Amino acid sequence: MAKQKLVVVGAGMASGRMLEHLFEAAPDAFDVTLFGAEPRGNYNRIMLSPVLAGEKTYGEIVTHDAAWYAEQGVNCRFGETVTKIDRKGKFVVTAKGETPYDKLVVATGSAPFIIPVAGKDLPGVRAFRDLDDVEAMVAAAGKPNAKAVVIGGGLLGLEAAAALRLRGMEVVVLHLMGHLMERQLDPAAGYLLQKELESRGIRVHCKAQTKAILGTDHVEAVLLDDGTTYPADLVVMAVGIRPEVRIANDAGLHVERGIVVNDQMVASDPDILAVGECVEHENICYGLVAPLYDMAKVVAKTLVKEDAAFRPVETATQLKVTGVSLYSAGDFAEAPDREEIVLRDASAGIYKRLVLKENRILGAVLYGETGDGAWFFDMLRKGTDVKEMRETLIFGQAYQGGSPLDPMAAVAALPDDAEICGCNGVCKGKIVGTINERGLTSLDDVRAHTKASASCGSCTGLVEQLMTLTLGDKYNPAAVQPMCGCTDLGHDDVRRLIKAKGLKTIPAVMQELEWKTSCGCAKCRPALNYYLVCDWPDEYADDYQSRYINERVHANIQKDGTYSVVPRMWGGVTSSKELRAIADVVDKFNVPMVKVTGGQRIDLLGIEKEDLPAVWADLGQAGFVSGQAYAKGLRTVKTCVGSDWCRFGTQDSTGLGIRIEKFMWGSWTPAKLKMAVSGCPRNCAEATCKDIGVICVDSGFEIHFAGAAGLDIKGTEVLGLVKTEDQALEHIVALTQMYREQARYLERIYKWAKRVGLDEIRRQIMDDAEKRKAYFDRFVFSQKFAQVDPWSERVSGKDKHEFNPMATVEYRQAAE
Amino acid sequence: MNWIEIGTLSDIPLRGARCVKTPQGKIAVFRTAENDVFAIEDHCPHKGGPLSQGIVHGRAVTCPLHNWVISLESGKALGADEGEVRTIPVKNEGGKLFIALERLMLAAAE
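Residues numbered from 1 in each chain as written. Chains lettered and ligands numbered in written order. Predicted model: local features only at pLDDT ≥ 70, side-chain atom pairs only at ≥ 80, totals over all residues. Heavy atoms only, no water.

An unreviewed UniProt entry lists chain B under the name tRNA-(Guanine-N1)-methyltransferase, from Paramesorhizobium deserti.

Per an unreviewed UniProt entry, chain A goes by the name Nitrite reductase and belongs to Paramesorhizobium deserti. Looking at chain A in UniProt, the text filed under Sequence similarities (unreviewed entry) is "Belongs to the nitrite and sulfite reductase 4Fe-4S domain family." What UniProt records for chain A under Pathway (unreviewed entry) is the sentence "Nitrogen metabolism; nitrate reduction (assimilation)." (UniProt positions renumbered as here; feature names shortened; annotations may be inferred.)

Structure follows, in structure tokens:
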């Protein structure tokens, strides 16, 4: 039998999923031709926000690439737009001609709604719909001081706004309604969300009626009805979508808002089916991915003549903005016959609201803590009677039926048909069943076989818990990377056990923690030495033989075995006396290279090891101490000239930098620690790519951290704003101590911060005064033992053996 | 063997090394945690790094330049790296240390 010809118009997510199901059910039933207006294959459109934010790359969100389609024998015609459907002749028309079909699937999706105001067609006005939009927005964000106006405070608009802000743009969100995300959130949750966005520097203007977009040959500003104007280099329209139905309309299909289909997804022509956002089913158009995937399944079954029916579904929503937890499901409008349960915890930023009718959940809004979202949603869909647990319902599943506060128990208690992955509509039973049937052991396998956690990823934790429940010991979600080959323990366990067991020497650690080698290796020994120095500053005797050569001889080894010497220049400030002393050392020891470093100091390169103590003695005469340029410890505090000299300076940045350096020098840290203080937001000291940086502003000191400018490049995060120098110092010192106590050896601040979470660090350092003080005090205590200049110690004879050969064998002696 | 006295065991820190300068270049003399003494050329087979400056662990040293691990007994690179450095005979007589330079001299005369 000749294969039937299937033409698919549209290569989006619904179409891709439909083809997947089709090839699974009947790989050889159809010759498939696929038209897509975008010149590329199928990607996960919901993940465009993380791509815009720079958290993911395009490559990571591709779901079906050219190779996949080729493998399935699909004839791909990407970049070719279908302009007409001829239902009588059963063919579709493109610029390149006619393509006949036996069955046609329309998956044209939706088009962004562009509000009809003057200036809407100006260059610089974009929708947020496809990768081209994202690329245009990224390009716009690359310009200095770029400003963006996002029109629309719904899901998409806010994701765009947050992402553009992350890319450094000044962002204003204009929203027509009284509060953000009014379709998903009630006013209170909308308010919390607005506060959160404002704290990230995003301006929110509600009840904003856009009157015109201004500009001559590029967008320049947005004008509102009330006369407000916002300058803009980029305007993102994210006010909604409408089903893309033009070719269906022209073909005379039954179209209302979308293409009208029956439960089998067949349109008013029996040979034409429709799937995705272009569809209208029982007067509803869908824009979230879960129901679209349900449709895709039904279309595939209808095509291979199996029974299937699409039924309207409740949908739940999550906002994909890193650091914001928000979940909403169902209907939460107020009505006389409805009741509500509300939980507010303002200081923790938690808000939960359930709308009930006759003891059944109709709607749920969770902000700040969304772990119970799936549980509420499950009861909502099933119409579970919640009478028995009403009193404690709002506290979540963990508080029900006396079960302990154990997330594993909560997951274990979920019924088999509880939905785990909202994007792909995968329930618990399917995940557990597939793990058992196929013997899956890794998260990637589970993703590949069930699709759970394969779209937005917010259910990954739940899926991992299910894997642990199903596989027991065979699945180790947080497979710990051992420190090195000498132990099976990871850095975190070792640090914890050092404290818990009171281990105070390297041999004690190795003995108690059952090291597999007699005396460790070059990886674990320096790490252990650091942990012990940090945890027992007064008791631990530093083991020099476990330090890397640079820290052992307090200079930097070079490729030819000579050393470089960098004296400390507090805050990068020097004097004629110091410069003269350096010049004299250079002459006296024939130093081959003198170089200014990136940290505002002077580096003397090419010094023989034996000369080091003499070089240090001369430098010490001029008052120099070691710059610790070799240390996993405090390096430099770079400064600008600040208010003393600069016409823009707002504070004495030089003075603060010197003060920080004098306070903190000599401290050992997990990895090198570089700082800078800039006197104004012009940021001449480049504080925003440092481990810790300060930007002085009129109102005080903005403390930054977790920047990087090395193997990785990363702008800093803001810790918070403080008013005085004293506070700035206290916060910086406390942050450093928290890092010292928690990070893994060689882990820079930005990596540690990513691991423990910026919010947690802000909570402990900014919000918890007691904790901050405790960190500060512990740092001060450890400095009592750390602030000894290693150079002068060695000039006066310490470690003499390090610098002299043990013996010199003369030629005559050797030849005897 | 032409044994030359170079010092005492206590001159070298535990799990440490010292250098001996000779007409043929530097020799690194190591003392392990078990008080065993080894001597090898102070020259990593990889890029010539000074092995005497590395971290000593077990009967091996990790070069400070690029972390090659060299066996003190055989002079051979351990792990995935390939290379070898000359070993020097060394003996410990009641805490006094001696090295033999004959082989080195012979090599130089070749």
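Caption draft 1: The domain arrangement of chain A, seen in detail. Split into domains, chain A comes out as domain 1 (4–110 + 243–303), domain 2 (114–239), domain 3 (491–547) and domain 4 (632–788). For domain 1 of chain A and domain 3 of chain A, the distance between their C-alpha centres works out to 60 Å. (Domains from an automatic or database assignment.)

Caption draft 2: Geometry of the interface of chain A and chain B. Taken residue by residue, the interface counts 33 residues in chain A and 34 residues in chain B. In total, about 2700 Å² of surface goes out of reach between chain A and chain B, with carbon and sulfur atoms giving 59% of it. Taken together, the connections running from chain A to chain B amount to two salt bridges. Arg 15 of chain B is paired through a salt bridge with Asp 543 of chain A; the nearest N and O atoms lie 2.8 Å apart. Where chain A packs against chain B, one counts 13 residue pairs in polar contact (both at pLDDT 80 or more). Put simply, the parts of the chain that give the side of chain A that touches chain B at least two residues each are α18 (524–535), α19 (549–553), β42 (807–808) and α30 (811–815) of chain A. Broken down by element, the side of chain A that touches chain B gets its largest block of residues, three residues, from α30 of chain A. The class makeup of the residues in the side of chain A that touches chain B is 14 nonpolar, ten polar and nine charged. For β42 of chain A and strand β2 (residues 16–22) of chain B, the ladder comprises two bridges, and the chain directions are parallel. (Contact = heavy atoms within 4.5 Å. Buried area = accessible area lost by both parts, 1.4 Å probe. Salt bridge = Lys/Arg side-chain N within 4 Å of Asp/Glu carboxyl O. Polar contact = N/O pair within 3.5 Å; in protein donor to acceptor, adjacent residues only side chain to side chain. Helix = DSSP H or I, 4+ residues; strand = E, 2+ residues; numbered from the N terminus. Nonpolar A, V, L, I, M, F, W, Y, C, P; charged D, E, K, R; others polar. Pairing = 2+ DSSP bridges.)

Caption draft 3: Region of the structure containing the UniProt feature "domain: Rieske" (unreviewed entry) in chain B. Mapped onto this numbering, the UniProt entry gives "domain: Rieske" (unreviewed entry) at residues 4–99 of chain B. Helix makes up 0% of residues 4–99 of chain B and strand 45%, with an end-to-end C-alpha separation of 5 Å.

Caption draft 4: Focus on the pairing of strand β38 (residues 700–705) of chain A. Residue and element names in this part refer to chain A. The element β38 is extensively covered by neighbouring structure, given that five of its six residues are classed as buried. Across six bridges, the pairing between strand β37 (residues 692–697) and β38 is antiparallel. In the sheet register, Val 697 faces β38, and the bridge partner there is Gly 700. The loop that links β37 with its antiparallel partner β38 comprises two residues. Note: β38 against strand β41 (residues 717–722), five bridges, orientation antiparallel. Considered in β41, the bridge of Phe 705 is made with Glu 717. (Buried < 20%, exposed > 50% of the residue type's maximum accessible area, 1.4 Å probe, protein only.)

Caption draft 5: Region of interest: the packing of aromatic side chains. This structure, assessed with the given rule, holds 14 aromatic pairs over all chains. Judged by centre distance (5.7 Å) and plane angle (85 degrees), the rings of Tyr 286 of chain A and Phe 310 of chain A are edge-to-face. Residue Tyr 286 of chain A is found in the loop between β23 (284–285) and α9 (289–303), and its partner Phe 310 of chain A is found in the loop between α9 and β24 (316–318); the two are separated by 24 residues along the sequence. Considered together, Tyr 286 of chain A and Phe 310 of chain A belong to a single accessibility category, that of buried residues. Every member of this aromatic cluster is reached through a ring pair, and the members are Phe 23, Trp 68, Tyr 69 and Phe 78 of chain A. Taking NZ or CZ as reference, Lys 504 of chain A lies 4.5 Å from the ring centre of Trp 536 of chain A, over its face. A cation sits over an aromatic face here: Lys 91 of chain B above Phe 98 of chain B, 5.6 Å from the ring centre. (Phe/Tyr/Trp six-rings, centres within 6.5 Å; stacked < 30°, edge-to-face > 60°. Lys NZ or Arg CZ within 6 Å of the ring centre and 35° of its normal.)

Caption draft 6: Representation of the UniProt feature "domain: BFD-like [2Fe-2S]-binding" (unreviewed entry) in chain A in the model. Here, UniProt's "domain: BFD-like [2Fe-2S]-binding" (unreviewed entry) annotation points to residues 420–467 and 483–532 of chain A. Secondary structure across residues 483–532 of chain A comprises 52% helix and 0% strand; the distance between its end C-alpha atoms is 15 Å.

Caption draft 7: Highlighting the side chain of Gln 545 of chain A. By the secondary structure assignment, Gln 545 of chain A is in the loop between α18 and α19. Judged by relative accessible area, Gln 545 of chain A falls into the buried class, the value being 8%. The residues touching Gln 545 of chain A, leaving out its near neighbours within four places in the chain, are Arg 525 and Arg 552 of chain A together with Pro 13, Leu 14, Arg 15, Gly 16 and Ile 55 of chain B.

Caption draft 8: Just helix α1 (residues 13–25) of chain A, in detail. Look at α1 of chain A: 19 Å from first C-alpha to last across 13 residues, which is about the 18 Å you get at 1.5 Å a residue. Of all 13 residues in α1 of chain A, eleven are buried, a share of seventy percent or more. (Expected span 1.5 Å × (residues − 1).)

Caption draft 9: Geometry of the sheet that holds strand β34 (residues 602–607) of chain A. Residue and element names in this part refer to chain A. Strand order in the open sheet formed by four strands is β31-β32-β34-β33, and the pairing between neighbours is antiparallel. The open sheet terminates on both sides in strands that have one partner only, identified here as β31 (556–557) and β33 (593–596). Relative to β34, strand β32 (residues 563–565) runs antiparallel, the two sharing two bridges. Within β34, the position partnered with Val 565 by the bridge is Leu 604. Packing against the sheet, helix α20 (residues 576–588) makes contact with β33 and β34, and its axis sits at approximately 15 degrees to β34. (Axes fitted to C-alpha atoms, helices over the stretch in contact; angles between N-to-C directions.)

Caption draft 10: Main features of the confidence of the model for chain A. Model confidence for chain A is summarised by a mean pLDDT of 89, while 97% of its residues fall at 70 or above. Ranking the elements of chain A by mean pLDDT puts α30 of chain A last with 67 and strand β36 (residues 673–678) of chain A first with 97. (pLDDT = per-residue confidence, 0-100.)

Caption draft 11: How the structure looks around the environment of Val 235 of chain A. All names here are of chain A. For Val 235, the position within the fold is in strand β18 (residues 234–237). Given the relative accessible area of 0%, Val 235 is considered buried. Considering only alpha carbons, one finds Val 235 and Tyr 399, 164 residues apart in sequence, at a separation of 46 Å. When near neighbours in sequence (up to four residues on either side) are disregarded, Val 235 contacts Gly 124, Val 125, Arg 126, Val 149, Ile 151, Ile 213, Val 219 and Val 222.

Caption draft 12: Representation of the UniProt feature "binding site: [4Fe-4S] cluster" (unreviewed entry) in chain A. Residue and element names in this part refer to chain A. In the numbering used here, UniProt assigns the "binding site: [4Fe-4S] cluster" (unreviewed entry) feature to Cys 640, Cys 646, Cys 680 and Cys 684. These annotated residues cover 45 residues of sequence, and their C-alpha atoms lie no more than 10.7 Å from one another, placing them together at a single site. Inspection of the secondary structure assignment puts Cys 680 in the loop between β36 and β37. If we skip the residues at most four places from it in the chain, Cys 680 touches Phe 648, Thr 650, Ile 695 and Cys 696. The topology assignment puts Cys 684 in the loop between β36 and β37. Excluding anything up to four places from it in sequence, Cys 684 contacts Cys 640 and Ser 678.

Caption draft 13: Local environment of the pattern of salt bridges. All names here are of chain A. Tallied over the full model, the rule gives 55 salt bridges over all chains. The closest approach of N and O atoms between Asp 271 and Lys 103, which form a salt bridge, is 3.2 Å. Here Asp 271, found in the loop between β20 (259–260) and β21 (272–274), pairs with Lys 103, found in strand β9 (residues 103–106); they are 168 residues apart in sequence, far enough to count as distant. One continuous salt-bridge network, built from bridges that share partners, spans Asp 492, Arg 744, Glu 747 and Arg 755.

Caption draft 14: Examining a positive patch on the surface more closely. Residue and element names in this part refer to chain A. Where like charges cluster on the molecular surface, the positive patch consists of Lys 297, Lys 301, Lys 430 and Arg 438. Of all the elements in the fold, those that place two or more residues in the positive patch are α9 and α13 (428–438). Relative to the helices and strands, Lys 430 is located in helix α13. Overall, the relative accessible area of 44% leaves Lys 430 in the partly exposed class. (Patch = residues over 30% accessible without salt bridge, like charges linked within 9 Å, V, L, I, M, F, W, Y side chains within 5 Å. Areas by Shrake-Rupley, 256 points an atom, 1.4 Å probe, with all protein chains shown as cover. Lys, Arg positive; Asp, Glu negative; His and termini not counted. Charge placed at Lys NZ, Arg CZ, Asp CG, Glu CD.)

Caption draft 15: Region of the structure containing the nonpolar core. All names here are of chain A. Within the largest apolar cluster, 52 residues are counted, with the highest numbers of intra-cluster contacts made by Leu 19, Ile 85, Leu 104, Val 105, Ile 259 and Leu 303. Sort the elements by how many residues they give to this core and α9 lands first, with seven residues. Once residues within four sequence positions are removed from consideration, Leu 303 is found in contact with Leu 6, Met 18, Leu 22, Phe 30, Lys 103, Val 105 and Leu 273. Counting 46 residues, the second-largest nonpolar core is a separate cluster that includes Ala 140, Met 169, Leu 193 and Leu 319. (Core = buried A, V, L, I, M, F, W, Y, C linked by side-chain atoms within 4.5 Å.)

Caption draft 16: Up close: the sheet that holds strand β7 (residues 91–94) of chain A. All names here are of chain A. The three strands lie next to each other as β6-β7-β8, forming an open sheet whose pairing is antiparallel. The two strands at the open ends of the sheet, each matched to only one other strand, are β6 (82–86) and β8 (97–100). Between one strand axis and the next, the sheet turns through 25 degrees on average, direction left out of account. Where β6 meets β7, four bridges bridge the pair, whose relative direction is antiparallel. From the neighbouring strand, Asp 86 faces β7, where its bridge partner is Phe 91.

Caption draft 17: Expanded view of the pairing of β33 of chain A. Residues and elements named next belong to chain A. Judged from the four bridges that link them, β33 and β34 form a sheet pairing that is antiparallel. Within β34, the residue paired with Val 596 across the bridge is Ile 602. Count of turn residues in the β33/β34 antiparallel hairpin: five residues, of which Gln 600 carries a positive phi of about 65 degrees.

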